[in-house]
Structures are given as structure tokens and as C-alpha cells.
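Residue strings, one per chain:
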Amino acid sequence: MKKIAILYDASQAVISTFDLDEVLSRILAIARDYFHLKYAAVLLLDAQTRKLHLRSHAGYEQTVGWALDVGAGLIGAAAETKHPVHAPDVGKDPRYISGIPTTRSELALPLVVRNEVLGVLDCQSEHL
């Protein structure tokens, strides 16, 4: 039942407005509330530069101009492979790039439409 509630809330966020920033903000709030996350972010891909740019976030402090190359770190790996990347212990994953010192685990989910990566939803936890 919890999964259905999450999907319902996410679908309502998407259809309730045409403002991309509002949709992303609502999706991050859903991720934060349902999964008890302190940090979540959406990075969108600039196809020309092959960089992922932070578009919306929850919990991050310094965000101005933050970008990451496709293939770099867990987030970049998710964009490059078009597959979720899960690091249950970031200290044991050589791809991990430390951005938040308290992060212990991370999940990066590529946002793919018609087999094309548009960005990445990144969730970080202070727990293993």
C-alpha cells in the first residue's frame, strides 16, 4: 500500500502543474518524507556539454553552479549506464565523490525518457 501511495503522490505532483521547478520540488519532498532522507536532489543533463547540473534539491547547503560530468561519481555513473547505482556503504565504493561529509549510503536513479537520459534523482542517507 505504501508503494501505491508514493506513486499516487508522485503522479499528482507531475500533473498538478506545468512548472518544472515545482514538480521537482514536490517529487523531492515526497522522496524526503516517505524515505526519511535528509538529502535528495535532481540533476538535469546538458546534452551538449555532457554535464549534470543541479536543478532542485532538499537539504543541500552550497549549490550554486554545482555540476558533474557524465560518468563521474555515482551520479555520473547512473547517467552514463542508464541504470540505478546503489552504494549501501559509500566508503567502500571507489566511484563515490564526497560532497556531504555525513553521507553513508547513496542511490542515484537515472531519469530516462525514450531511452534518453534527462537527468538523475540522487538520494543520500546518513545511515548505512
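Scroll up for the structure.
Residue numbers run consecutively from 1 along every chain, following the written order of its sequence. In keeping with the model being predicted, local features are shown solely for residues with a pLDDT of at least 70 and side-chain atom pairs are shown and tallied solely at 80 or more, while totals for entire chains, interfaces and linings include all residues. As a convention, hydrogens and water are excluded, and side-chain values are obtained from all of the structure's heavy atoms.

S.K.: Let's hear about the nonpolar core: which residues, and what values?
M.R.: Of all hydrophobic cores here, the largest spans 21 residues; its most connected members are Leu52, Ile75 and Val120. Broken down by secondary-structure element, the contributors of at least two residues to this core are strand 1 (39–46), strand 2 (51–58), helix 3 (73–81), strand 4 (85–87) and strand 6 (116–125). Excluding anything up to four places from it in sequence, Val120 contacts Ala41, Val42, Leu43, Leu52, Ile75, Ala78, Ala79, Ala108, Leu109, Pro110 and Leu111. What we call a nonpolar core is a set of buried Ala, Val, Leu, Ile, Met, Phe, Trp, Tyr and Cys residues that are connected through their side-chain atoms within 4.5 Å. When accessible area is computed with a 1.4 Å probe and restricted to protein chains, residues below 20% of their type maximum are described as buried, those above 50% as exposed, and intermediate ones as partly exposed. Listed in part, the 7 residues of the second largest apolar core include Leu24, Leu28, Leu37 and Val42. The secondary structure listing takes helices from DSSP runs of H or I that are at least 4 residues long and strands from runs of E that are at least 2 residues long, numbered from the N terminus. The contact rule is simple, with two residues in contact once any of their heavy atoms fall within 4.5 Å.

S.K.: Which residues make up the sheet that holds strand 3 (residues 67–69), and what values go with them?
M.R.: Pairing is antiparallel across the open sheet formed by 6 strands, whose spatial order is 3-2-1-6-5-4. Either end of the sheet is taken by a strand with one partner, and the two such strands are strand 3 and strand 4. Direction aside, neighbouring strands of the sheet carry axes that sit 25 degrees apart on average. For two strands to count as paired, DSSP must find a minimum of two bridges between them. For strand 2 and strand 3, the ladder comprises 3 bridges, and the chain directions are antiparallel. In this analysis, axes come from line fits to C-alpha atoms, helices being fitted only over the stretch in contact, and the angle between any two N-to-C directions falls in the range 0 to 180 degrees.

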